[in-house]
Amino acid sequence: MRTTVGIVGGGPAGLLLARLLHNAGIDCVVLESRDRAYVERRQRAGILEQGTVDVLRECGAADRLDREGLVHDGIELRWNRRAHRIDFPALTGGRRVWVYAQTEVVKDLIALQLKDGPPLHFEARALAVEGAEGDRPVVRYLHQGRERTLTCDWVVGCDGFHGVARAAVPEGARRTYERVYPYSWLGILADVPPSADELVYAHSPRGFALLSMRSPRVSRLYLQVPNGTDPADWPDERIWDELDARFAIDGDWKLERGPVTQKSVLPMRSFVTEPMRHGRLLLAGDAAHIVPPTGAKGLNLAASDVTVLARAFAHLKDTGSTELLDAYSDTCLRRIWRAEHFSYFMTTTLHTDPGQGDFDTRLQISQLDRIAASPHAAAELAENYAGLPVG
């Protein structure tokens, strides 16, 4: 099989890139190792930046998002039993965010792809990317019990941290930056309406907590827990009691409880690979970078990567110039490192490090007090959360 752009990975990054390339008249093929049902069930991010929503609308993948997505104009911070709301549109010139689960974005993109898009092969496990230094890189993959090859002009690796694309870049040709945090998140889905209209981020001496949602009837909540925590050690009543304690404020507010339908533990880490290109192999999304979820940047960074990449491929098609492809890594890394810093800031400001003392806690409180008192500090948070410009 032969194509212009071979896309390894059928998650949101690979699927969005395929849709953008299709609309630009550039042929491509998507190889996804899992079956469709698995891909559409993967629970991941739930917050979409303004720029991500804009690109989904531009490529015709936002009809259901516009009907069912929850528009949020801010978040609430809690600490020392007080609450402070950050108003995004007022601080960013009108930008906002949407609550719309990554699973739903993926379903929408798959439906479009299967309806009128380029080939999308499920259960097509990439084995290797070869020849990236030449003019015709090849993806070897296993599909329907047979090993096959996909010959490409370019290969884009959207297959995550453990995928074959990142591994195809020689160790001497890449540099890795990483931070592992000394805590994790215990996340739950619960069949209960959210207890707040917008996300609530809570700093507490007991640890961080986050109140989020998936719909007007389903809540998504998180607790900071030690690394290595077993979800089975947290019965439902213990989870609700701990959430109650961490969200507590002086005033009239109640945490609504309901049946817990899912529990999982999510480790926290930051990771960046540089550069994001090796020959004719380009990396995007989790294959190139990971952020802790506190800043809601993971899916949005992936969407930003492939938006820049699609523009570069369209420029090549229209002009014959690789100028934008040559600049791809540097262009994306500027935004990635800002998002990494913001995610680090949110994580370290709101979480309680197991080894921190009173001095560190007072620094966190001072930072939260400043956000509440300074329009400039609040605007910095709002601009980063709602999303910096792409490219």
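On a predicted model such as this, the values are computed, not experimentally measured, just so you know.

Colleague: Where do I start with the domain arrangement of the protein in this structure?
Modeller: As a measure of interface size, the accessible area lost when the parts come together is often cited. Assigned domains of the protein: these are domain 1 (2-72 + 100-179 + 268-349) and domain 2 (181-267 + 355-386). The gap between the C-alpha centroids of domain 1 and domain 2 is 29 Å. With 28 residues of domain 1 at the interface, the matching set in domain 2 holds 27 residues. For the side of domain 1 that touches domain 2, the secondary structure elements donating two or more residues are strand E3 (47-49), strand E4 (70-72), strand E16 (260-274) and helix H10 (323-350).

Colleague: What am I meant to see in the nonpolar core here?
Modeller: Where a protein is soluble and globular, its nonpolar side chains tend to be buried together. Residues Ile7, Leu16, Leu21, Leu48, Val139, Val156 and Phe313 are the most contacted members of the largest nonpolar core, which totals 73 residues. No other element matches the eleven residues that helix H9 (residues 298-319) contributes to this core. When sequence neighbours within four positions are dropped, the list of residues in contact with Val139 reads Val8, Leu31, Ala126, Ala128, Val129, Arg148, Thr149, Leu150, Cys152 and Val155. Membership of the second largest hydrophobic core comes to 50 residues, among which are Tyr183, Ala190, Tyr201 and Met346.

Colleague: Sorry, what's going on with the pattern of salt bridges here?
Modeller: Oppositely charged side chains may form a pair once their charged atoms are brought near each other. In the structure shown here, the tally under the stated rule is 26 salt bridges. In this structure, Arg2 engages Asp153 in a salt bridge whose closest nitrogen and oxygen atoms are separated by 2.8 Å. Taken as a pair, Arg2 in strand E1 (residues 2-8) and Asp153 in strand E11 (residues 146-157) lie far apart in primary sequence, 151 residues in all. Classification of Arg2 by relative accessible area gives partly exposed; the value is 43%.

Colleague: Please clarify how the environment of Gly10 should be interpreted in this entry.
Modeller: Its location among the elements puts Gly10 in the loop between E1 and helix H1 (12-23). Among residues more than four places away in sequence, those in contact with Gly10 are Leu15, Val30, Leu31, Glu32, Val39 and Arg42.

Colleague: Just checking my understanding: could you explain H9 for this structure?
Modeller: Given 3.6 residues per helical turn, the α-helix brings residues three or four places apart onto the same face. Taking 1.5 Å per residue as the helical rise, H9 with its 22 residues ought to reach 32 Å, and the 32 Å between its terminal C-alpha atoms agrees with that figure. Gly320, located one to two residues past H9, shows a positive phi value of around 80°.

Colleague: Sorry, what's going on with H1 here?
Modeller: The end-to-end C-alpha separation of H1 is 16 Å, in line with the 16 Å expected for twelve residues at 1.5 Å each. With ten of twelve residues buried, H1 lies mostly within the body of the structure. Taken as a whole, H1 has its buried residues at Pro12, Ala13, Gly14, Leu15, Leu16, Leu17, Ala18, Arg19, Leu20 and Leu21. Gly25 sits one or two positions beyond H1 and adopts a positive phi of about 75°.

Colleague: When you look at the sheet that holds strand E12 (residues 175-190) in this model, what are you seeing that I'm missing?
Modeller: The strands making up a sheet associate through backbone hydrogen bonding, with each pair oriented either parallel or antiparallel. Read from one edge to the other, the open sheet built from eight strands follows the order E6-E5-E13-E14-E15-E12-E16-E19, with strand pairing classed as mixed. Two strands in the sheet have a free side with no partner beyond their single neighbour: strand E6 (82-87) and strand E19 (289-290). By the bridge criterion, two bridges tie E16 to E19 in an arrangement that is antiparallel. Bridging across to E19, Phe271 finds its partner in Ile290.

Colleague: For this particular structure, what's the right way to read the sheet that holds E4?
Modeller: Pairing within the open sheet is antiparallel, and its three strands lie in the order E3-E7-E4. Two strands in the sheet have a free side with no partner beyond their single neighbour: E3 and E4. Pairs of neighbouring strands in the sheet enclose a mean axial angle of 30°, with direction left out of account. Relative to strand E7 (residues 97-99), E4 runs antiparallel, the two being bridged by three bridges. Bridge pairing in E7 places Val71 opposite Trp98.

Colleague: What exactly am I supposed to notice about the packing of H1 against H9 here?
Modeller: How two helices pack is summed up by the angle between their axes together with the distance between the axes. Taken N-terminus to C-terminus, the directions of H1 and H9 make an angle of 30°; their axes are 9 Å apart at the nearest point. Considering their axes alone, H1 and H9 lie roughly parallel with respect to each other. Relative to H9, the crossing made by H1 is right-handed. In this structure, H1 uses Pro12, Ala13, Leu16, Leu17, Leu20 and Leu21 to contact H9, whose residues at the interface are Leu299, Ala302, Ala303, Val306, Thr307, Leu309, Ala310 and Phe313. For the contact of H1 with H9, the residue count by class is 13 nonpolar, one polar and no charged.

About the thresholds
- Residues numbered from 1 in each chain as written.
- Predicted model: local features only at pLDDT ≥ 70, side-chain atom pairs only at ≥ 80, totals over all residues.
- Heavy atoms only, no water.
- Domains from an automatic or database assignment.
- Contact = heavy atoms within 4.5 Å.
- Helix = DSSP H or I, 4+ residues; strand = E, 2+ residues; numbered from the N terminus.
- Core = buried A, V, L, I, M, F, W, Y, C linked by side-chain atoms within 4.5 Å.
- Buried < 20%, exposed > 50% of the residue type's maximum accessible area, 1.4 Å probe, protein only.
- Salt bridge = Lys/Arg side-chain N within 4 Å of Asp/Glu carboxyl O.
- Expected span 1.5 Å × (residues − 1).
- Pairing = 2+ DSSP bridges.
- Axes fitted to C-alpha atoms, helices over the stretch in contact; angles between N-to-C directions.
- Parallel < 35°, antiparallel > 145°, perpendicular 65-115°, else oblique.
- Left-handed = near helix turned anticlockwise from the far one by under 90°.
- Nonpolar A, V, L, I, M, F, W, Y, C, P; charged D, E, K, R; others polar.

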